[in-house]
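Chain residues, written in single-letter form:
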Amino acid sequence: MFRGSFTIFSLLIIQCQSTWIRDLNLPRQLLEYHKENSLSSRSKFTTCDENLNPKVKDKFFKYGDFGYLESRLVKHSICSSNDDSSSSLSCSDHLTHCIGRNIYFDFSNLKIKTSSRYRQDVIQAGQVGGNCENFDENLLNENTKVKGYLMSWADELQHFRSKADFKIDSDHCDVIFERPTIVMKLDAAVNLYHHFCDFLNLYASFHLNQTFDQDVDIILWETHPGGYNDHYYGITWKAFSRHEPIELKTLDQKRVCFKNVMMPLLARQWNGLFYNSPVVNGCSGSTLFKTFSQFILHRLGIKPQKAELEKVRIVILSRSTAYRRILNIKELLKSLGHLPNVTVRVVDYNERIPFLRQLNTTSQTDIFIGMHGAGLTHLLFLPDWAAIFEIYNCGDPGCYSDLARLRGVKYYTWPESKIHLIRSDDEGNHPQSGEKHLKFANYHVDPSEFREQVKKMVEHVRNHPKFINSRRIQRRKQKEMEAEKLKKEL
């Protein structure tokens, strides 16, 4: 963080190049995708039920894959100029994604000490704009009808105006960002599911902007006085930038100017990506979600995924939270004790376990098991051949089943006909309303039925073509190493 540096100088210039560039620090599979595909092309990774209506396949691609980005392409030139020193602002429909050049925000109205979270009134009239040769105010107004802190940039850009005397210099700016800058409005930092809605949409925006450059600045647009405390998963920003994110509160009362700025897709759009995705039945495997997984693992230096030669690896996610704990987890472990050629371990992904260590474990797991909860978002980083077992969905059946289908891993849950074999320790009441709520209880799980469900998953993994191929590659490499060793001994 650039803590305190903004108060030392009346003008702060954050140095570096001022144009977006391409960056090839990408996993091989993603580079291959760029060479072979466009936003309108389908991928072999997606599988659909036989004889499925083609319109259903198209809908899966449109709402859950790269087809989604076609509707978010920048198409509205709200502010334009032929001179590179002047301003531009271009956005998608409803200002869900915008790109700007030589524009400013005045944060005089932020007043961070008395501010609150999710404010939509930070930018007022006269506090955002640029110097445009052509400014289409009507076009701007037509695209400001969809508002919401995590739905669009309409609240922040509705007052955008062109000023003939504006230019980026010390007379008009207290802070100048020379590097390309990403401004992020964010969902909950403490919840893996919701925070990765942020990261996935940022990744999708990189595709829209056709750059994966890491020499960028990121501003966390958090209006709470305490800032955005990203202690749990903040390491993930390193996948997007080599620089520490900058808190909005450090820009309070400043006129901030951007040479190049991107306002990316947000976490809770209508029919959005991840959260609010209308996932149709019959198809599985979004290339957008698969390449996001590869991108994060590659950029964070997680070792490549590969199957073990002898064992299927099972991980059971334990919860140290107040609710949705498995009360007889030792019995479940004992029930799996006689399954041949499997390893079973229990993990608790709490705040004491660094996120990179969590990813290293998850990415080398074949079967991931847990109760309904944000920790199941780890399914994004399982190998393609893996299975996810949500033991009990606690009345929320679509959340992780949909996410598993988008990622393209096999989803299992407890059979409805045998739901009586899961019992809670009490009624389970919502702590605020007092009403009965399945998410606010802890559970006993029948060991015998648990074992039967896990056996099905083991069979799925062992028969998956990618699991078989990973083992085949490793055996070949092992033979080559043994032959090389023998050759040296001779």
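Rules of the game
- Residues numbered from 1 in each chain as written.
- Predicted model: local features only at pLDDT ≥ 70, side-chain atom pairs only at ≥ 80, totals over all residues.
- Heavy atoms only, no water.
- Helix = DSSP H or I, 4+ residues; strand = E, 2+ residues; numbered from the N terminus.
- Rg over C-alpha atoms; globule rule 2.2 N^0.38 Å.
- Buried < 20%, exposed > 50% of the residue type's maximum accessible area, 1.4 Å probe, protein only.
- Contact = heavy atoms within 4.5 Å.
- Lys, Arg positive; Asp, Glu negative; His and termini not counted.
- Charge placed at Lys NZ, Arg CZ, Asp CG, Glu CD.
- UniProt positions renumbered as here; feature names shortened; annotations may be inferred.
- Pairing = 2+ DSSP bridges.
- Axes fitted to C-alpha atoms, helices over the stretch in contact; angles between N-to-C directions.
- Parallel < 35°, antiparallel > 145°, perpendicular 65-115°, else oblique.
- Nonpolar A, V, L, I, M, F, W, Y, C, P; charged D, E, K, R; others polar.
- Disulfide = S-S within 2.5 Å.
- 1 Å grid on protein atoms, 1.4 Å probe; cavity = no way out; pocket = protein on both sides within 12 Å on 5 of 7 lines; lining within 4 Å.
- Points joined across faces, edges and corners; volume = space filled by probe spheres on them.
- Domains from an automatic or database assignment.

- As named in an unreviewed UniProt entry, the chain is EGF domain-specific O-linked N-acetylglucosamine transferase, taken from Caenorhabditis latens.

**Digging into the overall build of the chain**
Here is step 1: For the chain, the count of helices and strands is 12 helices and 21 strands.
Here is step 2: For a compact globule of 490 residues, the expected C-alpha radius of gyration is about 23 Å, and the chain comes in at 25 Å, within 12% of that figure.
Here is step 3: Here the C-alpha coordinates of the chain stretch approximately 75 × 70 × 50 Å along the principal axes.
Here is step 4: Out of the 490 residues in the chain, the part that is buried amounts to 54%.
Here is step 5: Put simply, 76% of the contacts in the chain that link residues at least 6 apart link residues at least 24 apart.
Here is step 6: Averaged over its 66 positive side-chain charges, the chain has a centre that lies 6 Å from the centre of its 57 negative ones.

**Considering the UniProt feature "domain: Glycosyltransferase 61 catalytic" (unreviewed entry) in the chain**
Here is step 1: With numbering aligned to this structure, UniProt lists the feature "domain: Glycosyltransferase 61 catalytic" (unreviewed entry) at residues 258–388.
Here is step 2: The span residues 258–388 carries 21% helix and 20% strand; its end-to-end C-alpha distance comes to 44 Å.

**Considering the sheet that holds strand E19 (residues 410–413)**
Sheets are built from strands that pair by backbone hydrogen bonding, the pairs being arranged parallel or antiparallel.
Here is step 1: Pairing in this open sheet of five strands is parallel, and the strands run E16-E15-E17-E18-E19 from one edge to the other. Edge positions in the open sheet fall to strand E16 (342–347) and E19, since each of these has one partner strand only. The average undirected angle you get between the axes of adjacent strands in this sheet is 20 degrees.
Here is step 2: Where strand E15 (residues 312–317) lies against E16, six bridges are found, and the strand directions are parallel.

**Here's the deal with the packing of helix H7 (residues 287–299) against helix H10 (residues 399–407)**
A packed helix pair is summarised by two numbers, namely the angle formed by the two axes and the spacing between the axes.
Here is step 1: The interhelical angle for the contact between H7 and H10, taken along N-to-C directions, is 80 degrees, at an axis separation of 7 Å. When the axes of H7 and H10 are compared, the pair comes out roughly perpendicular. Residue-level inspection shows Phe-289, Lys-290 and Ser-293 of H7 in contact with H10, the latter providing Leu-403, Leu-406 and Arg-407.
Here is step 2: Looking at side-chain class alone, the contact of H7 with H10 contains three nonpolar, one polar and two charged residues.

**Description of the state of the cysteines**
Here is step 1: One pass over the full model with this rule turns up four disulfides.
Here is step 2: Residue Cys-48 pairs covalently with Cys-283 via a disulfide, S to S 2.1 Å. Taking the sign of the torsion about the S-S bond as the criterion, the disulfide between Cys-48 and Cys-283, at about 105 degrees, is right-handed. Of this pair, Cys-48 sits in strand E2 (residues 47–48) while Cys-283 sits in strand E14 (residues 283–284), placing them 235 residues apart in sequence.
Here is step 3: Residue classification places Cys-48 among the partly exposed positions, given a relative accessible area of 28%.
Here is step 4: For Cys-283, a relative accessible area of 2% puts it in the buried group.
Here is step 5: Residue Cys-79 pairs covalently with Cys-132 via a disulfide, S to S 2.1 Å.

**Some remarks on the layout of surface pockets**
Here is step 1: The space that makes up the second largest pocket amounts to roughly 810 Å³.
Here is step 2: Lining the second largest pocket are 33 residues, and of these Val-190, Asn-191, Arg-319, Ala-374 and Gly-375 lie nearest its centre.
Here is step 3: Of all the secondary-structure elements, those providing two or more residues to the lining of the second largest pocket are helix H6 (192–209), helix H9 (355–362) and H10.
Here is step 4: With three residues, H6 is the largest single contributor of residues to the lining of the second largest pocket.
Here is step 5: Classifying every residue of the lining of the second largest pocket by side-chain character gives 15 nonpolar, 12 polar and six charged.
Here is step 6: Two domains each donate at least three residues to the lining of the second largest pocket, and these are domain 1 (72–263) and domain 2 (302–473).

**Observations regarding empty space enclosed by the protein**
Here is step 1: Counted according to the given criterion, the structure contains one cavity of 30 Å³ or more.
Here is step 2: Taken as a whole, the largest cavity holds about 30 Å³ of empty space.
Here is step 3: In this structure, the largest cavity is lined by Lys-59, Phe-60, Tyr-63, Gly-64, Ser-277, Pro-278, Val-279, Val-280 and Leu-406.
Here is step 4: Ranked by the residues each element gives to the lining of the largest cavity, the list is headed by helix H2 (residues 54–64), at four residues.
Here is step 5: Class assignment of the residues belonging to the lining of the largest cavity gives a composition of six nonpolar, two polar and one charged.

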